[in-house]
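Analysis of the macromolecular model
Here are the chains, one letter per residue:
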Amino acid sequence: MSNWKKRLRAGALALAALALAAVPYCPQAQEGGERQALGGAKIPAGPYVALTFDDGPKSATTPVLLDGLAQRGVHATFFVIGENVEGNELLLQRMEGEGHQIGLHTYHHKMLDQLNAAGFYEEVDSLRTTLTALVGREEFMLRPPYGMMNAATQARAAAPIVLWSVDPEDWSDRDTARQVSVILDNTQDGDIILLHDIYPASVDTALQVVDALMARGFHFVTVEQLFAIRGKTPENGEVYRRLPPPSE
């Protein structure tokens, strides 16, 4: 079995365990039917959405977000920058320990499509090495900064490339109400939401969105778990923006 398939199986089992646990903050999240996933694990019926965060971690904001997600029983995916990992190693280990997914967002937030091979590997592999030393595994999904990439980026990635399908552009202002509205108006089953855990307003946006979408019956999962739910194995170099249900 490939390492990715092993991780997807583990993600499906973790999701099944979460479904069986009580989440007092929002009981609606646990209602509905169940379906089979990898290894026969039962997971709750959809819809599903993956909440993702770029550019962290940041000591002033990421712990607040992690606290809020833990209170709600929600797991997210964090595409981190290497230079921000420095000094925040315990935050990365907390993410891993609490069941969140960690991904690559380069070491210095450089546009990968503008780098030669040596520059690419310096940005991506150096971060991969740093994360492996912290959390003890080697396989991480990649999100290119600004979503900028080309054929060379895909060929060099040695990782699935995860973009997004819902983007409130939270970097452009600190208007939580506007950001929440954009996300709630545009999110569907299988979407991947982009936010940044380096802004206090974006942390507020994320937690308000979680509350609102859970009340609508959505389940928040990591990107890995979303692959497992859809019965797909992510492929290195392939680009993924959302993982819709088979009926789409």
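Notes on the structure follow. Computed from a predicted model, the values in this text were never measured in an experiment.

What follows deals with unusual backbone geometry. Residue glycine 56 is joined to proline 57 through a cis peptide bond whose omega torsion reads 0°. Position of proline 57 among the secondary structure elements: in the loop between strand E3 (48-54) and helix H2 (62-72). If you check the backbone angles, threonine 106 has positive phi at about 75° while not being a glycine. Relative to the assigned elements, threonine 106 resides in the loop between strand E5 (101-104) and helix H5 (117-135). Here threonine 106 falls in the buried class, since its relative accessible area comes to 0%.

Residue position: histidine 196 is located in strand E7 (residues 191-196). One polar contact links histidine 196 to aspartate 170, side chain to side chain, over a distance of 2.8 Å. Among all residues touching histidine 196, those that are not within four sequence positions of it are Phe53, Asp54, Asp55, Asp170, Trp171 and Ser202.

Attention shifts here to the pattern of salt bridges. If you walk through the whole model with that rule in mind, you get 9 salt bridges. One salt bridge connects aspartate 67 with arginine 94, and the closest N-O pair in it is separated by 2.6 Å. Pair noted here: aspartate 67 is in helix H2 and arginine 94 is in helix H4 (residues 89-97), with a separation of 27 residues, a long-range link.

This part is about the pairing of E5. Side-chain alternation along E5 places Gln101 and Gly103 on one buried face and Ile102 and Leu104 on a second face that is also buried. Direction of pairing for strand E4 (residues 77-80) relative to E5: parallel, over a ladder of 4 bridges. Within E5, the position partnered with valine 80 by the bridge is leucine 104.

Next up on the list: the packing of aromatic side chains. Enumeration over the complete set of coordinates arrives at 3 aromatic pairs. Measuring from centroid to centroid gives 5.5 Å for phenylalanine 120 and tyrosine 121, while their planes differ by 90°, and the two rings are edge-to-face. Look at phenylalanine 120 and you get buried, because its relative accessible area is 1%. A relative accessible area of 36% places tyrosine 121 in the partly exposed class. Arranged with centres 4.8 Å apart and planes meeting at 85°, the rings of phenylalanine 227 and tyrosine 240 form a pair that is edge-to-face. Linking phenylalanine 227 in helix H9 (residues 223-230) with tyrosine 240 in strand E9 (residues 239-240), this pair joins segments that are 13 residues apart in sequence. There is no split in this pair, since phenylalanine 227 and tyrosine 240 are both buried. Seen from the ring of tyrosine 199, arginine 174 lies directly overhead, with NZ or CZ sitting 3.9 Å from the centre.

Okay, the pairing of E4 next. Side chains Thr77 and Phe79 project from E4 onto one buried face, and the interleaved Phe78 and Val80 project onto a second face that is buried too. Inspection of the sheet shows E3 paired to E4 by 3 bridges, in the parallel sense. Its bridge partner being in E4, phenylalanine 53 is matched across the sheet by phenylalanine 78. Crossover connection from E3 via H2 to parallel E4: handedness right-handed.

About the thresholds
Residues numbered from 1 in each chain as written. Predicted model: local features only at pLDDT ≥ 70, side-chain atom pairs only at ≥ 80, totals over all residues. Heavy atoms only, no water. Helix = DSSP H or I, 4+ residues; strand = E, 2+ residues; numbered from the N terminus. Buried < 20%, exposed > 50% of the residue type's maximum accessible area, 1.4 Å probe, protein only. Polar contact = N/O pair within 3.5 Å; in protein donor to acceptor, adjacent residues only side chain to side chain. Contact = heavy atoms within 4.5 Å. Salt bridge = Lys/Arg side-chain N within 4 Å of Asp/Glu carboxyl O. Pairing = 2+ DSSP bridges. Phe/Tyr/Trp six-rings, centres within 6.5 Å; stacked < 30°, edge-to-face > 60°. Lys NZ or Arg CZ within 6 Å of the ring centre and 35° of its normal. Right-handed = clockwise from strand over helix to strand, strands pointing away.

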